[in-house]
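Here are the chains, one letter per residue:
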Amino acid sequence: MPVRPPIHRPVGRREKRERDQDYARQRDPVSRALYRSKRWRTERAAFLHDHPLCVECERHDLIRPASVVDHVDPHDGNETVFWDRSRWQALCASCHGRKTASSDGGFGNARRYSQAPRESKSLTISMT
Ligand SMILES: [Zn+2]
């Protein structure tokens, strides 16, 4: 019977679930409530329906389905910014992860606000 080779886990490495829990805990409760709201779930789904492709990949002539609605500007729980669809963009998980790591203080980095200049590029896709 084939046996899966052991997976190397460096000492101190924490499981993804633990890290996610920590992240949720440190994230402010206001934002958490916003992301858990029914309105967000509905509007997020509608936005992804209208913007099915990752805009970041598109800039590099790649076509990847978007799975994340990203706030272009950090909203910090500010509802005006949070619900402003003109500040949303559809990203794939990979591009969102990259953005989060560089701007949201991922990998233990301090939060930075230097972001790539916004390109307002409207996406026209006919779904027929
Ligand atoms: Zn992407």
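Residues numbered from 1 in each chain as written. Predicted model: local features only at pLDDT ≥ 70, side-chain atom pairs only at ≥ 80, totals over all residues. Heavy atoms only, no water.

As recorded in an unreviewed UniProt entry, the protein goes by Putative HNH nuclease YajD and comes from Aquamicrobium aerolatum DSM 21857. Turning to the protein, the UniProt annotation filed under Sequence similarities (unreviewed entry) states: "Belongs to the HNH nuclease family." (UniProt positions renumbered as here; feature names shortened; annotations may be inferred.)

Novice: Report on helix H3 (residues 38–50), specifying residues and quantitative values.
Specialist: With 13 residues, H3 should reach 18 Å at 1.5 Å per residue; the first-to-last C-alpha distance of 18 Å fits that figure. Turning to H3, its buried residues number three or more, namely Trp40, Glu43, Phe47 and Leu48. Down the axis of H3, the sector holding all buried residues measures 135 degrees, keeping them to one side. Turned more than 90 degrees from where H3 packs its buried face, Lys38, Arg41 and His49 sit exposed. Summarising the contacts, the buried residues of H3 are in contact with helix H2 (29–36), strand S1 (68–71), helix H5 (79–82) and strand S2 (88–91). (Helix = DSSP H or I, 4+ residues; strand = E, 2+ residues; numbered from the N terminus. Expected span 1.5 Å × (residues − 1). Buried < 20%, exposed > 50% of the residue type's maximum accessible area, 1.4 Å probe, protein only. Arc of directions from axis to C-beta. Contact = heavy atoms within 4.5 Å.)

Novice: Provide a residue-level description of the side chain of Ser31, including the pertinent values.
Specialist: In this structure, Ser31 sits in helix H2. Its relative accessible area of 3% is what places Ser31 among the buried residues. Within the structure, the side chain of Ser31 is placed 3.5 Å from the backbone nitrogen of Gly77, a separation counted as a polar contact. Apart from the residues lying within four places of it in its own chain, the contact partners of Ser31 are His75, Asp76 and Gly77. (Polar contact = N/O pair within 3.5 Å; in protein donor to acceptor, adjacent residues only side chain to side chain.)

Novice: I'd love a proper account of the coordination of the zinc ion, names of residues and values included.
Specialist: In ideal tetrahedral geometry, four donors around a metal make angles of 109.5 degrees, whereas ideal octahedral geometry with six donors gives angles of 90 or 180 degrees. Looking at the metal site, the zinc ion is ligated by Cys54 (SG), Cys57 (SG), Cys92 (SG) and Cys95 (SG), spaced 2.2 to 2.3 Å from it. Classification of the site at the zinc ion rests on its four donor atoms, whose angles at the metal span 105 to 114 degrees, yielding the label tetrahedral. Within one chain, the residues serving as donors to the zinc ion are arranged as C-x2-C-x34-C-x2-C. Linking Cys54 in the loop between H3 and helix H4 (55–59) with Cys95 in helix H6 (residues 93–103), this pair joins segments that are 41 residues apart in sequence. Like Cys95, Cys54 is buried. (Donors = N, O, S within 2.8 Å, 3.2 Å for Na, K, Ca; no water. Tetrahedral: all angles 85-135°; square planar, octahedral: opposite > 155°, others 65-115°.)

Novice: How would you summarise the environment of Glu56 if you had to cite specific residues and measurements?
Specialist: Tracing the sequence through the fold places Glu56 in helix H4. As for Glu56 and Ala90, which are separated by 34 residues in sequence, their C-alpha atoms are 8.3 Å apart. In terms of polar contacts, Glu56 uses its side chain to reach the side chain of Arg59, at 2.6 Å.

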